[in-house]
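# Residue-level structure breakdown
If you want the building blocks of each chain, they are given just below.
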Amino acid sequence: MPKFKVDLSNCDREPIHIPGQVQSWGFIVVVNATSNIINYVSSNILDHLNVTAGSILGQSLATFEQKISSKENPNPLAAFVESAKRKQESESYQIYFEEQRFDLIIHCHSQQIYLEFELRIESEVPDIHNQIGRHVSAILATSNLPDILSRAASIVKQLIGYDRVMIYKFMEDAHGKVVAEARNEDLEPFLDLHYPASDIPAQARLLYKANKVRLIADVYSSTSAILALTDNPVDLTHSVLRAVSPIHIQYLKNMGVASSFSISLMCKGELWGLIACHNYTPKFISHRVREGARLLGQIISSSVEFKEEEIVNADQKKHKAVFEKIISELRLGVDIKDAVLNPSVSFLHIVKATGVFMRYEGKVIKDGIIPSADQIEKIIEWVSEKQDESLFHTNKLVDIMPSASEFANIASGILVCTISRELKEYIIWFRPEYAESITWAGNPDKPVEVDENGEQKISPRKSFESFKTIVQHTTERWKVYEQNLAERFKEELLYIINKKASEIRVLNEKLKEAYDELETFSSTISHDLKTPLTVIKSYAQLLERNKSLDDDGKNFAARISFGITRMNTLIAEVLDYSKVGRSEINFQPIDMSSLLHTIKNEVATAFNNPNMVFNVGGTPVVYGDQTMIYQVFLNLISNAVKYSRLSNPSIITIEGSENEYEVVYKVQDNGIGIDPKHYNKVFELFKRVNVKTDYEGTGVGLAIVKRILEKHKANIWIDGRPGVGSIFWIKFRKPQ
């Protein structure tokens, strides 16, 4: 059994910045910046100069200079070292030792001066800067990013003469994809192949940021150890000669690559990708050409950054225009639903999404393709329990909410803005999954091997045959500007909602004052009118009993008394109407059989019509205020009796029915009926559509019925025709 499991994190822990080795095409001397004492020397110095590492290690820089100086140049390094100390940046020089010519690259790092020597080769590309100048104009003239990358690969291939040059882009999860390529015709294409993130682990990507060009001249050559005065390894982060990880060397060998060269591509200070160059025989690139490639890499990086920014800006401008249009509508006082959903713009397009859902103040607004109501509730429950942030986003919801796999084709990615976590009010944008087939250059999972001790060890891939995988339940990541626009939209919406709430509070206060004033006014008018009316009625009744009056006088007195009675009735009904709006509803189940039986007895007594037939059918329970519902049916049944009293017989039918969601009652009579053209006027205050003198009324009763039913969120409508009778229908909602 293996003692421990090895995974791809082994690569991430490899200390590749302190390998303790340098490549064979040069040697290194490291000097303490304060004391000028040589602390580190590569052992291969003797391969290039008639100097041993042991003879200068621990000695001053002057000692080393004495060994390589001549009469013409007694101190060949001192001036360069002092310049490097002042500038604190990498410098390169051409120097001569006897018959040998070197490129000397000097840089400072961690209080050390690094002197790296490599043999100078004059035969390579004498007009490097002229070539780069010509190529730059070609790159800048290219309009789109894919063409820029393709042209860049071809230019680098011309410049360094490698067999294959690839533009390798780091994707969002750090794995790489070949997005452009220039190669010899006899080589198989690598374009569009993907490579796992473990091929270039995190610490390697950091070194590519620090050191923009990197050469491995010969993967089969031996490296040289660095001798040191101290146990602390020398940091070779910025070294051009730094030896390469044995795992990476084996990886290149497995690919058949003998020489590798890379140029870092930076975008907004981050590693965007690499220009990765492979040669299938050993190949050295001089410092001069490498510096030209570094310059070319900077130019390509700038072009990539500009083009990507251009694309992002175009998208951002489009989404921002939608945002600003909606916000301007909201600020003008347009209803929220009308502002976020209209023929020209939708809040769906504030970000790049295919669906959007918003819940606020009990209202739901949605657009586009969204999950079902139950699925959205699951998302809301999960977000309210698991997320405290006002803004939450993911491009792979199934990773954190496994049940989301059932609607991944609609909502693999979500962007959520919290309106009220307590009330579970949110704005949620949705993106569907993109099921993508990825072709890898070999199995993306590096195999492990078991050694003779039974321990697992990491091993670089040996097979680079195409290996396909399907990426599911994943969508494009939400961009920063999309998150910002979504957050701003929520803030603007909250401002509008709070502003409207404040306005409603003010209106409610004014309405309350108006109701109070109306109640006072109604009570005052009622009192002030009833008192003189009572006096007038008393005198009228006295006159009726006065024997000295003739029949006409008594008739006039009776008419006055009848008019006063009608005025008192009208005043009472107006007071009832004004009270309905202020009354609180006490919802409870109402026994309609008992209520209708009571009304039947009351109406029978009041009207005393011997020809009346009172039919009662089903009486399902109604949920509402007992007093108010009693008033509704009393009004309707009284009207039915009144307007059918001349029919013989006078038939009144009350019947209820119900289903899962509602209860419906009808009150039917066989009276004079109502002309359909008057249906809309029946429930208006003081409107009487049957104005025959045979039928008295005030035009207030049905207005009260309408108002009570509105408070119960119930509906009422009329059916029937003149001469046949009327049917009043009432529909009550059942509590859910």
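What counts, and where the lines are drawn
Residues numbered from 1 in each chain as written. Predicted model: local features only at pLDDT ≥ 70, side-chain atom pairs only at ≥ 80, totals over all residues. Heavy atoms only, no water. Phe/Tyr/Trp six-rings, centres within 6.5 Å; stacked < 30°, edge-to-face > 60°. Helix = DSSP H or I, 4+ residues; strand = E, 2+ residues; numbered from the N terminus. Lys NZ or Arg CZ within 6 Å of the ring centre and 35° of its normal. Buried < 20%, exposed > 50% of the residue type's maximum accessible area, 1.4 Å probe, protein only. Polar contact = N/O pair within 3.5 Å; in protein donor to acceptor, adjacent residues only side chain to side chain. Contact = heavy atoms within 4.5 Å. Pairing = 2+ DSSP bridges. Axes fitted to C-alpha atoms, helices over the stretch in contact; angles between N-to-C directions. Salt bridge = Lys/Arg side-chain N within 4 Å of Asp/Glu carboxyl O. Arc of directions from axis to C-beta. Core = buried A, V, L, I, M, F, W, Y, C linked by side-chain atoms within 4.5 Å. Parallel < 35°, antiparallel > 145°, perpendicular 65-115°, else oblique. Left-handed = near helix turned anticlockwise from the far one by under 90°. Nonpolar A, V, L, I, M, F, W, Y, C, P; charged D, E, K, R; others polar.

## A word on the packing of aromatic side chains
Counted according to the given criterion, the structure contains 15 aromatic pairs. Judged by centre distance (4.0 Å) and plane angle (15 degrees), the ring pair of phenylalanine 80 and tyrosine 93 falls under stacked. Of the two residues, phenylalanine 80 is situated in helix α4 (residues 78–87) and tyrosine 93 in strand β4 (residues 91–97); the sequence distance between them amounts to 13 residues. Three or more aromatic residues joined by ring pairs make a cluster, and in this case those are Phe27, Phe64, Phe97, Phe102 and Phe117. One Lys or Arg, arginine 164, reaches over the ring of phenylalanine 190 and ends 3.6 Å from the middle of that ring. Directly above the ring of tryptophan 478 sits arginine 431, whose terminal nitrogen or CZ lies 3.7 Å from the centroid.

## Things to note about the side chain of glutamate 118
Position of glutamate 118 among the secondary structure elements: in strand β6 (residues 112–119). For glutamate 118, a relative accessible area of 1% puts it in the buried group. A distance of 2.6 Å separates the side chain of glutamate 118 from the side chain of arginine 290, its partner in a polar contact. Excluding its chain neighbours within four sequence positions, the residues that come into contact with glutamate 118 are Trp25, Gly26, Arg101, Phe102, Asp103, Ile105, Val240, Phe284, Ser286, His287 and Arg290.

## Description of unusual backbone geometry
In this model, asparagine 648 is joined to proline 649 through a cis peptide bond whose omega is 0 degrees. Within the secondary structure layout, proline 649 lies in the loop between α16 (626–643) and β26 (650–658). Here the phi dihedral of alanine 174 falls at roughly 80 degrees; this positive angle occurs in a residue that is not glycine. Its place among the elements puts alanine 174 in the loop between β7 (164–170) and β8 (176–183).

## Some remarks on the pairing of strand β28 (residues 715–721)
Sheet analysis places β28 next to strand β29 (residues 725–733), joined by seven bridges and oriented antiparallel. Note on β29: the bridge partner recorded for isoleucine 716 is isoleucine 730. Adjacent in sequence and paired antiparallel, β28 and β29 are bridged by three residues, among which glycine 723 carries a positive phi angle near 85 degrees.

## Some words on the sheet that holds strand β2 (residues 26–32)
Ordered by their spatial adjacency, seven strands build an open sheet running β1-β11-β3-β2-β6-β5-β4, and the pairing between neighbours is antiparallel. Among the strands making up the open sheet, the edge pair consists of β1 (21–22) and β4. Docked against the sheet, α4 engages β4, β5 (100–109) and β6, running at close to 30 degrees with respect to β5.

## What about the pattern of salt bridges?
Taken as a whole and assessed by the stated rule, the structure comprises 25 salt bridges. Lysine 424 serves as the salt-bridge partner of glutamate 381, at 2.6 Å between the closest nitrogen and oxygen. Placement of glutamate 381 in helix α11 (residues 373–386) and of lysine 424 in the loop between β17 (413–420) and β18 (425–431) is noted, with a sequence separation of 43 residues between them. Aspartate 388 is the partner of arginine 421 in a salt bridge, and the nearest nitrogen-oxygen pair spans 3.3 Å. Of this pair, arginine 421 sits in the loop between β17 and β18 while aspartate 388 sits in the loop between α11 and β16 (391–394), and the two are 33 residues apart along the sequence.

## Here's the deal with α4
All buried positions along α4 are accounted for by Phe80, Val81, Ser83 and Ala84. One face of α4 carries all of its buried residues, which in axial projection span an arc of 160 degrees. Opposite the buried face of α4, at more than 90 degrees from it, the exposed residues are Ala79 and Arg86. Buried-residue contacts for α4 involve α3 (61–68), β4, β5 and β6. One or two residues past the end of α4 sits glutamine 88, with phi positive at roughly 55 degrees.

## Remarks on the nonpolar core
In terms of nonpolar packing, the biggest core is built from 48 residues, with Ile160, Ile167, Phe261 and Ile275 touching the most fellow members. It is helix α6 (residues 145–160) that provides the largest number of residues to this core, a total of nine residues. The residues touching isoleucine 160, leaving out its near neighbours within four places in the chain, are Phe261, Cys277, Lys283, Ile285 and Val289.

## Examining the packing of helix α5 (residues 128–140) against α6
In the contact formed by α5 and α6, the axes pass within 10 Å of each other and the chain directions differ by 165 degrees. As far as their axial angle goes, α6 and α5 are roughly antiparallel. For the pair α5 and α6, the crossing hand works out as right-handed. For the pair α5 and α6, contact is made by Ile128, Gln131, His135, Ala138 and Ile139 and by Ile148, Arg151, Ile155, Gln158 and Leu159, respectively. By residue class, the composition of the contact of α5 with α6 is six nonpolar, three polar and one charged.

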